[in-house]
Amino acid sequence: MAEPTSRTEARQKAADIKKKQSESLAGLPPNTLHISLYIRSDPPLPNDFHWAFYLHKGTRSTPGGTKYHARGIGGRWIAGHETTTGIFTENFLCVIIQIAMIPPSAHERVDEIMRSYDESLNSIPGITCRLWILTVLRKLVDEGFVNCDIGGLEKDCFEFGNQHSATASVNEQPRPVVKSRVSS
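Conventions adopted
- Residues numbered from 1 in each chain as written.
- Predicted model: local features only at pLDDT ≥ 70, side-chain atom pairs only at ≥ 80, totals over all residues.
- Heavy atoms only, no water.
- Phe/Tyr/Trp six-rings, centres within 6.5 Å; stacked < 30°, edge-to-face > 60°.
- Helix = DSSP H or I, 4+ residues; strand = E, 2+ residues; numbered from the N terminus.
- Buried < 20%, exposed > 50% of the residue type's maximum accessible area, 1.4 Å probe, protein only.
- Core = buried A, V, L, I, M, F, W, Y, C linked by side-chain atoms within 4.5 Å.
- Salt bridge = Lys/Arg side-chain N within 4 Å of Asp/Glu carboxyl O.

A. Main features of the packing of aromatic side chains. Within the structure shown, the criterion is met by three aromatic pairs. Between Trp-51 and Phe-158 the ring centres are 5.3 Å apart and the planes differ by 85°, which places this aromatic pair in the edge-to-face class. Linking Trp-51 in strand E2 (residues 49-56) with Phe-158 in helix H4 (residues 150-169), this pair joins segments that are 107 residues apart in sequence. One exposure class covers both Trp-51 and Phe-158, and it is buried.

B. View of the nonpolar core. By size, the foremost hydrophobic cluster in this structure holds 43 residues, and its most contacted members are Leu-33, Phe-53, Ile-99, Trp-132, Leu-137 and Leu-140. Sorting elements by how many residues they give to this core places helix H3 (residues 129-142) first, with eight residues.

C. Spotlight on the pattern of salt bridges. Tallied over the full model, the rule gives 11 salt bridges. Across the pair Glu-90 and Lys-67 runs a salt bridge, and its minimum N-O distance is 2.8 Å. Of this pair, Glu-90 sits in the loop between strand E4 (76-84) and strand E5 (93-101) while Lys-67 sits in strand E3 (residues 65-73), placing them 23 residues apart in sequence. Side by side, Glu-90 and Lys-67 carry an identical accessibility label, which is buried. Bridged by salt links that share partners, the residues Lys-155, Asp-156, Glu-159 and Arg-181 form one connected network.

Here it is, written out as structure tokens:
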């Protein structure tokens, strides 16, 4: 018995999306640091995103990297750092913003900086995922891994997030990757 056309079309669409997501991951330059933004509501609200860092270490043959973020759970904040090969498949992903090149020799130090507040997240006044990003970003700038004006980068991220939030809410794939206009 032949499969209904709508089911076949749905499977083909899913396969096409998966292929586009894989191509996007493989197309990221190796050793790049990104800020990834995720929408929090549908319809999306302006300037309302979950923020994370993504250090892409991969190559075409071994794609992937590490996602670093802070999450509010039960009135407290916890660190959430995980190796991933599926950054583009994550729910509610809005945009990935490239902010720096990180040479492989610096990956270990950058990882240490990303984890430096893990035990003290809840002592950071007014902690949010965005504030955690900005706090860690200050260390990355101070140590020369990222070159930017932090306020300018925050504004840049909000602009990119707001620009792409409508397509994120309808799950248009693949999600965009952009380069920050204020970091080098």
